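Inside the fold
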Amino acid sequence: LFMRIVIVGGVAAGMSAASRARRLNPDVQVTVFERGADISYGACGLPYVIGGDVPSFERLIARTPGRMREQGIDVRLRHEVTGVDAAARTVTVRDRDAGRSFTEPYDRLLIATGVSAVRPDWARRDLQGVHVVRDLPDGQAIEASLQGARRACIIGGGYIGLEMAEALRSRGLEVTLLEKGPEVAGRMLDRDFQQRVRAELERHGVEVRCGTTVEALTGKDGRVTGVQTDGGLVPADVVIVAVGVKPNTALARAAGVSLGKTGAIAVNERQETDVAGVYAAGDNTESTHRVTGQKVHIPLGLTANRMGRVAGVNMAGGDARFPGVVGTGIFKTFDLGAARTGVTQAEADGLGLEAVSVDVDSTDHAGYYPDAAPIHVRLTAERGSGRLLGAQLIGQPDSVKRVDVVAALLHKCGSVQDLFETDLAYAPPFSSVWDVLLVAADRLG
Ligand code: FAD
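The structure reproduced in this document is the subject of the present report. (Residues numbered from 1 in each chain as written. Predicted model: local features only at pLDDT ≥ 70, side-chain atom pairs only at ≥ 80, totals over all residues. Heavy atoms only, no water.)

Considerations on a nonpolar patch on the surface
Stated precisely, the cut-off is as follows: Residues enter patches when their relative accessible area tops 30% and they take part in no salt bridge; the joining distance is 9 Å for like charges and 5 Å for the nonpolar side chains Val, Leu, Ile, Met, Phe, Trp and Tyr. Method for areas: the Shrake-Rupley scheme with a 1.4 Å probe, in which residue coverage is limited to the protein chains shown. By definition, a salt bridge exists where a carboxyl oxygen of Asp or Glu is found within 4 Å of a side-chain nitrogen of Lys or Arg. Each helix corresponds to a stretch of at least 4 residues labelled H or I by DSSP, and each strand to a stretch of at least 2 residues labelled E; elements are numbered beginning at the N terminus.
A surface patch of nonpolar side chains, about 600 Å² in accessible area, is lined by Tyr 368, Tyr 369, Tyr 426, Val 433 and Trp 434. Looking at where Tyr 369 falls in the secondary structure, it is placed in the loop between strand E23 (355-363) and strand E24 (374-382).

Encoded structure:
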């Protein structure tokens, strides 16, 4: 069965879909249009290149157009899709280098356009040294701005702001982090966990100002000089704006595709939109939270790759389903890792769930083995039934990856008793005999 598949967006979701479709069905013709100059890069790695842990931006590129072409995938860089005619099954494409537009037919269309960083009106584009962190050119522009810079101001205390604070501190800059809300990491952790993250930033010399609203940027000779806030002026040679993202849905809307309540594209489990032949996957698309049953928009890397893979299989004539998410996330701030899955106690309260939590402070491995470090766990479950609802962990970066144990159980609707009965790996360098998660389950059971 010959089929023309057109994919808009050539990063995580788009390239996963392209590879999968071709592997499943060598008879499909796959064309990927990417408006940028790169495909398949790991945006997640940008803070680590800027911080110096990863030697170059090139290292973040997972697949090249040449290798994709060898797999029979036609990748067109610097080609922007500007319109969709869903009735005629065609897209309008603008070749940015040639400066001309053309029409391309499709049988199946995947919209994998990702998100854009929010850039409020005050984040003036006319000043040098003001950046968002989204793609490789952003990373390269930040790198260029760092030459001779002494003071950085980061606006936004989400995980990208936190990662950038660490990166720029590692580069020897004075760093001030501004957050409008009452604490950093606001959307990820309960309040007392957020405070531990802020303490770690402060311990490493980042000045954190929460409850601060940005009013304007100041500049001189075309370069940024500071950030005017409701609490005074913060001088800065470089400003990083990390205040959130919004899904790129213009094309979907042009195609007549419905958005969900979250503002991202609504799809079914097969990643199909409500317009025949049009699929969506990745950061621009909402998913179902398996713990709360609600539609959510949690734009993350694994979710984007997995959605793309599912879309790729289905577009090529197979049958795959996206299983939903459980709200798992992890980040590092200097020597501290923080992880979460499911819902926090505060989120559970907000949703009206009957939730109860237990806290355990312990060490991440046997206390007598060298370098045992503190780990703090909060386990949350439904009162009465004992159904697991979520977990939060703070400790050394490696140690909090054990959040995955709880994530796996959440996928299977597991209980506190299920967690307690799980045969977890133990040897003194890795954990205590009764791992901190088992201790928490025992206390909550
Ligand atoms: P994108 O990667 O945004 O790709 C979409 C592509 O579509 C873009 O290249 C865009 O140019 C192209 N496009 C858009 N519109 C058009 C059009 N009309 N025509 C042609 N092309 C178009 N996730 C994690 O899970 N863990 C992390 O630690 C993590 N860290 C991150 C750190 C940073 C600094 C950033 C920016 C992101 C991080 N993420 C992380 C998120 C992760 O990078 C995304 O979830 C993932 O890249 C989403 O992939 P995507 O394919 O949906 O969208």
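What to know about the site of the ligand
Basically, it comes down to this: Here a residue is near a molecule or strand as soon as one of its heavy atoms is found within 4 Å of it. Two N or O atoms count as a polar contact when they lie within 3.5 Å, although within protein this holds only if one can serve as hydrogen donor and the other as acceptor, and sequence-adjacent residues are included solely when both atoms are side-chain atoms. Under this grouping Gly is polar, as are all residues other than the nonpolar Ala, Val, Leu, Ile, Met, Phe, Trp, Tyr, Cys and Pro and the charged Asp, Glu, Lys and Arg.
Looking at the ligand, there are 30 residues lining it, with Ala 13, Glu 34, Val 81, Asp 283 and Gly 301 nearest. With respect to the ligand, the backbone of Ala 12 contributes an N or O atom lying 3.1 Å from an oxygen atom. One of the side-chain N or O atoms of Asp 283 is found 2.8 Å from an oxygen atom in the ligand. For the ligand, the protein covers 90% of the area, taking 1,000 Å² as the surface of the free molecule. No other element matches strand E4 (residues 79-85), which puts 3 residues into the shell around the ligand. Taken together, the residues that form the shell around the ligand break down as 19 nonpolar, 6 polar and 5 charged.

Let's talk about empty space enclosed by the protein
Under the convention used in this document: With a 1 Å grid spanning the protein atoms alone, the term cavity applies to any set of points in which a 1.4 Å probe fits but cannot get out, the term pocket to an open set with protein on both sides within 12 Å along at least five of seven lines, and the term lining residue to any residue with an atom within 4 Å of a point. Grid points are joined across faces, edges and corners, and a volume is the space filled by probe spheres set on the points.
Under the defined criterion, the tally for this structure stands at 1 cavity of 30 Å³ or more. Size it by volume and the largest cavity reaches roughly 50 Å³. Forming the boundary of the largest cavity are 13 residues, of which Thr 285, Ile 298, Pro 299, Thr 303 and Met 307 lie nearest the centre. Considering each element in turn, the lining of the largest cavity owes the most residues, 3 residues, to helix H8 (residues 301-315). Tallied by class, residues from the lining of the largest cavity come to 6 nonpolar, 5 polar and 2 charged.

Details of the pattern of salt bridges
Definition in use: To sort residues, take the accessible area from a 1.4 Å probe on protein chains only and compare it with the maximum for the residue type: under 20% means buried, over 50% means exposed, and anything in between is partly exposed.
Considering all chains together, one arrives at 26 salt bridges under this definition. The shortest N-O distance in the salt bridge between Glu 143 and Arg 171 comes to 3.0 Å. Taken together, the positions of Glu 143 in helix H4 (residues 136-145) and Arg 171 in the loop between helix H5 (159-170) and strand E11 (174-179) put the pair 28 residues apart, joining distant regions of the chain. With a relative accessible area of 22%, Glu 143 lands in the partly exposed category. For Arg 171, a relative accessible area of 33% puts it in the partly exposed group. Arg 203 is paired through a salt bridge with Glu 200; the nearest N and O atoms lie 3.1 Å apart. Taken together, the positions of Arg 203 and Glu 200, both in helix H6 (residues 191-203) and 3 residues apart, correspond to about one turn of that helix. Members of the salt-bridge network, linked through shared partners, are Glu 269, Arg 270, Glu 272, Asp 319 and Arg 321.

Describing the sheet that holds strand E5 (residues 90-95)
Rules: Pairing between strands is defined by DSSP: at least two bridges between the two strands are required. Lines are fitted to the C-alpha atoms to define the axes, a helix being fitted only along its stretch in contact, and any angle between axes, read from their N-to-C directions, falls within 0 to 180 degrees.
Spatially, the 3 strands line up as an open sheet ordered E4-E5-E6, and their pairing is antiparallel. Only two strands of the sheet have a single neighbouring strand rather than two, namely E4 and strand E6 (100-105). Each adjacent strand pair in this sheet contributes to an overall mean axis angle of 25 degrees, direction not counted. With 6 bridges connecting them, E4 and E5 associate as antiparallel partners. Bridged to Val 84 within E5 is Val 91.

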